[in-house]
Amino acid sequence: MQPLKPQPEAFPDDIAIIEDDTASPATRPDRARWKILVVDDDSEVHSVTRFVLGHTELLGRPLDLIEATSSMDAQQELLRHPDIAVILLDVVMEEHDSGLKFARWVRDAGLSDVRIILRTGQPGYAPELDVIREYDINDYRAKSELTQTRLITSMTSALRSFQQIETIERSRRGLEMIVASCSQLFQKRELAGFSQGVLLQIASLCGVEGDGLICASTDQPVPGNARIVSGVGGLSSYIGRNLSDLPEGSELKAATLEAIRRNLSSTDGPLVLSVDAPPDQRFVASLDHAKPLDAMDSALLRVFAANIAVGFENVGLIERLDRLAYWDETTGLPNRNSLLRDMAEHGADGANVALLRVVSYSDTLVAFGQAMATGLLGEIAASLTGDRGAATVYRYAEDVLGVIVKPDTHQEALIASLGHRQFSVARQSLKARFAVGSAPIERGSDATMTCDQAYAAMSLAAVDGREDIVQFDAKMVRDARGRIEMIAALRSALADGEVNIAFQPLVDMSSGACAGFEALARWNQKGAPVSPGEFIPLAEQSGLSFEIFALGVRRSAEWLNRLGKIGQGKYVSVNLAACDLEREDLVPLVVNLLGRSQLPPASLQIEITEQSLIRDFALSERNLRALKNLGCRIAIDDFGTGYSSLSYIGRLPVDVLKLDRQFITDITSDPSSQAIASLTFALSRRLGLEILAEGIETAEQQACLEEIGFKYAQGYRFGRPMAPDQLHDWMMQRAKA
Ligand code: C2E
Ligand code: MG
Ligand code: MG
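Residues numbered from 1 in each chain as written. Chains lettered and ligands numbered in written order. Predicted model: local features only at pLDDT ≥ 70, side-chain atom pairs only at ≥ 80, totals over all residues. Heavy atoms only, no water.

## Some points on the pattern of salt bridges
Inference 1: What the rule picks out here adds up to 34 salt bridges.
Inference 2: A salt bridge links R583 to D585, with the nearest nitrogen and oxygen atoms 2.9 Å apart.
Inference 3: For D585, a relative accessible area of 32% puts it in the partly exposed group.
Inference 4: One continuous salt-bridge network, built from bridges that share partners, spans E169, R172, R173 and E176. (Salt bridge = Lys/Arg side-chain N within 4 Å of Asp/Glu carboxyl O. Buried < 20%, exposed > 50% of the residue type's maximum accessible area, 1.4 Å probe, protein only.)

## Quick word on the coordination of the magnesium ion (ligand 2)
When a metal carries six donors in an octahedron, the ideal angles between them are 90 or 180 degrees, while four donors in a tetrahedron ideally lie at 109.5 degrees.
Inference 1: Within the first shell, the magnesium ion (ligand 2) binds the protein through E518 (OE), N575 (OD1), E607 (OE) and D637 (OD), at distances of 2.0 to 2.2 Å.
Inference 2: Look at where the donors of the magnesium ion (ligand 2) fall in the sequence and you get E-x56-N-x31-E-x29-D.
Inference 3: Taken as a pair, the magnesium ion (ligand 2) and the magnesium ion (ligand 3) lie 4.1 Å from each other and share D637 as a ligand. Of this pair, N575 sits in strand β23 (residues 571-575) while E607 sits in strand β24 (residues 604-609), and the two are 32 residues apart along the sequence.
Inference 4: Of the residues examined, N575 reaches a relative accessible area of 28% and is grouped as partly exposed.
Inference 5: Owing to a relative accessible area of 1%, E607 belongs among the buried residues under this scheme. (Donors = N, O, S within 2.8 Å, 3.2 Å for Na, K, Ca; no water. Helix = DSSP H or I, 4+ residues; strand = E, 2+ residues; numbered from the N terminus.)

## Here's the deal with the site of ligand 1
Inference 1: Near ligand 1, the surroundings consist of 21 residues, among which E518, R522, D637, E697 and Y716 are the closest.
Inference 2: Backbone polar atom of A521 to a nitrogen atom of ligand 1: 3.1 Å apart, as the coordinates give it.
Inference 3: The contact in question runs from an oxygen atom of ligand 1 to an N or O atom on the side chain of D637, over 2.7 Å.
Inference 4: Considered on its own, ligand 1 offers 790 Å² of accessible surface; in the complex 82% of this is hidden by protein.
Inference 5: Mapped onto the shell around ligand 1, the elements with two or more residues apiece are β21 (513-525), α15 (532-541) and β25 (633-639).
Inference 6: The dominant element in the shell around ligand 1, judged by the number of residues it contributes, is β21, at four residues.
Inference 7: Along the lines of polarity and charge, the residues of the shell around ligand 1 split into nine nonpolar, four polar and eight charged. (Near = heavy atom within 4 Å. Polar contact = N/O pair within 3.5 Å; in protein donor to acceptor, adjacent residues only side chain to side chain. Areas by Shrake-Rupley, 256 points an atom, 1.4 Å probe, with all protein chains shown as cover. Nonpolar A, V, L, I, M, F, W, Y, C, P; charged D, E, K, R; others polar.)

## Observations regarding a negative patch on the surface
Inference 1: A contiguous patch of negative charge on the surface is contributed by D41, D42, E44 and E94.
Inference 2: Along the chain, E94 falls in the loop between β6 (84-90) and α3 (98-108). (Patch = residues over 30% accessible without salt bridge, like charges linked within 9 Å, V, L, I, M, F, W, Y side chains within 5 Å. Lys, Arg positive; Asp, Glu negative; His and termini not counted. Charge placed at Lys NZ, Arg CZ, Asp CG, Glu CD.)

## Let's talk about the coordination of the magnesium ion (ligand 3)
Inference 1: Taken together, the protein donors to the magnesium ion (ligand 3) comprise D637 (OD), D638 (OD), E694 (OE) and E694 (OE), at separations of 2.0 to 2.7 Å.
Inference 2: Read in sequence order, the donor residues coordinating the magnesium ion (ligand 3) give the pattern D-D-x55-E.
Inference 3: Residue classification places D637 among the buried positions, given a relative accessible area of 7%.
Inference 4: On the basis of relative accessibility, which here comes to 25%, the residue D638 falls in the partly exposed class.

## Considering the packing of aromatic side chains
Inference 1: Applying the stated criterion across every chain yields a total of 11 aromatic pairs.
Inference 2: Here the aromatic rings of F423 and F434 are separated by 6.4 Å at their centres, their planes lie at 70°, and the arrangement is edge-to-face. Within this pair, whereas F423 is found in strand β16 (residues 422-425), its partner F434 is found in strand β18 (residues 434-440), the two being separated by 11 residues in sequence. Across this residue pair, the class does not change: F423 and F434 are buried.
Inference 3: Relative to F710, the ring of F681 has its centre 5.5 Å away and its plane inclined at 40°; by these criteria the two rings are tilted. Pair noted here: F681 is in helix α22 (residues 671-687) and F710 is in the loop between α23 (699-708) and β28 (712-714), with a separation of 29 residues, a long-range link.
Inference 4: For F681, a relative accessible area of 10% puts it in the buried group.
Inference 5: Residue F710 is classed as buried on the basis of its relative accessible area, which comes to 3%.
Inference 6: An aromatic cluster is defined as three or more aromatic residues linked by ring pairs; in this entry it consists of F194, F283 and F312.
Inference 7: Positioned over the ring face of W34 is R61, at 4.0 Å from the centre of the ring. (Phe/Tyr/Trp six-rings, centres within 6.5 Å; stacked < 30°, edge-to-face > 60°. Lys NZ or Arg CZ within 6 Å of the ring centre and 35° of its normal.)

## Describing the pairing of β25
Inference 1: Burial of β25 is extensive: six of the seven residues sit out of reach of the surface.
Inference 2: Bridge analysis of β24 against β25 gives five bridges, and the strand direction is parallel. Each bridged residue has a counterpart across the sheet, and for I608 the counterpart in β25 is I636.
Inference 3: Bridge count for β25 against strand β26 (residues 656-659) is three bridges, and the pairing is parallel. If you follow I636 over to β26, its bridge partner there is L657. (Pairing = 2+ DSSP bridges.)

## Structural notes on the environment of S429
Inference 1: By the secondary structure assignment, S429 is in strand β17 (residues 428-431).
Inference 2: A distance of 2.7 Å separates the side chain of S429 from the side chain of Q422, its partner in a polar contact.

## Digging into helix α14 (residues 474-495)
Inference 1: For α14, built from 22 residues, the straight-helix expectation of 32 Å at 1.5 Å per residue is met to within 8% by its first-to-last C-alpha distance of 32 Å.
Inference 2: If you check which residues of α14 are buried, you get M476, M486, I487, L490, A493 and L494. Viewed end-on, α14 has its buried residues packed into an arc of 125°, placing them on one side of the element. Looking at α14, the residues exposed on the side facing more than 90 degrees away from the buried face are R478, R481, I484, E485 and A495.
Inference 3: For α14, the capping residue at the N-terminal end is D473, with a side-chain oxygen 3.1 Å from the backbone nitrogen of K475. (Expected span 1.5 Å × (residues − 1). Arc of directions from axis to C-beta.)

So this is what it looks like as structure tokens:
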């Protein structure tokens, strides 16, 4: 086994190069000439040998004669020329067995390839047979025997056996290198490191240097699109790019393309090695080299290629598993696991993690399908990444993107501007709505917990409809806990009958007659009233709001029943929460409710707020139309507080507009409130709708409204919301008056 040496500095730290200490292929001698060491203390013998061999070619190569006159000289020469093929060695020199001692030194030094021919001038000094065997002596001759022909024959046979030994030795070393390098390489878990190692080992195996690369043509029908996964020399800067990005006219590029197309390996021109790794990957390693490669190089490369195919398959599998664990397949964005992993790198730099819920994602999914919804996420991610890829955007959940917001970047401003942007997906221009929460990444804190905090802040932003980035703080936890407890309490209050309905009269100002009532939920928690402004949003979040609507309908039916004749022609107006207007099953639920409570549909007015229409206009419109077809009246509550009210109100099956109290409060003094009241009144006339003013408290406000033309109103001036008993008394009194 060859030792593992530290690699040259130019190569990455974690790649070990296997080198051969004795005669690495990289330093392999020039094979153009045979080096022959002639050792003899007789100068005459040197000149004769020069004369015989100096101009001779053996086995196709000329000879280089290196001369030494003592065994000491010979040692020096051998150390200087480790590629000496044959030693022509005089036995008797300074001592009678100097030659034999030198032969022993050669073998003891581990120089086993070099061939030795012993010569002696004195026939009596022939070595023993076991010495010949032990020192691996090729031939033994008396100098007198060595005629020209004999010398050449003996030299040729020594050279041939040197050549055979060298071939066997090279292949042994090469195979050892392959075994060692493969076990090293197989410890690599990622493609980049593995293929970089493969490239360096190929160069080392064949003793070549030069520019090189490895391409992966996985799933790439166009060879030019093959990805460069590793590179050495001048090509290291191309890692991560496509093969087609290499300069035109490059011989290496042409050879690599050809190898990808035809699954070819070749050592003519650049060295190209094609390796198929199941199921569908082809890797091509290419190296430019100056040195010609021989049949042995090709054979070793074939063995190497067969071995590393398994390695490529393994890293391919590991990378695929890694992709599944860390990447979102549909968008190609890194996923939540990636975010959690990458967050570990921050903590001391004041970065925050921001989570963005794309509120309109599900609408896009329902209306336009998966591809469009995914496309929308991709567009949003691209605009968050920034022009120069400044930030990484993660897909945290189905409709939630994540970003690590570093301080002193434009990231925060970029996020804040998203809500005002149009996104172009498949030639459609889409406007997305966002809820954004953010939490600080603190040193040593748990990434999952930080994300949970950002998520909580984001959920709060969604519930409150906030457009800014909601920053997580400790109060939020207390609030969230408080909300959860409150929801639990509301749930039991509903079950225990602690939630009741109060009725507020809706009056005809001109006659003072009561036209109907608004049903308003009341919750007395252990004797203390909880404001609907507090518990209605909680009911909406926890799915309890429809239960409150149903309670309103049931109590309304009971109320109208109790009024009997007086109640005839009067209606009850019940508030329906925004989230319930978006229920697919709303209409059957209402039908069922009306049936069971025996409330005639014409006696039920359903109040919805403008805000609820903005959420999913199409579905809201469909539900409203169906409710209208049942015979119910539809009122738009808090009118004027929503957005594009005027543009869509004409398209909806609406009966009544309830002008919000905020325009009534200052109507006597504020010209703009007066203007809005007048305009809304005019609009209702144009659209043929009834209009009612909310929150009238004073006679002046009433006068002002009546002057504009308002007929119907609701407010403390006429009657507060009252429990049925109290309202009954109120009505009786008015009837008497
Ligand atoms: P809303 O539907 O606009 O109901 C009118 C609100 O204005 C009621 O507040 C009522 O008490 C109040 N109000 C009426 N006249 C006056 C006045 O002259 N001055 C003042 N200052 N206020 C007046 P309330 O009962 O606190 O309800 C607040 C909101 O809570 C309601 O606004 C409605 O949006 C929601 N809500 C109440 N009950 C229900 C319910 O059963 N279901 C749903 N979904 N929402 C409800
Ligand atoms: Mg209302
Ligand atoms: Mg209102």
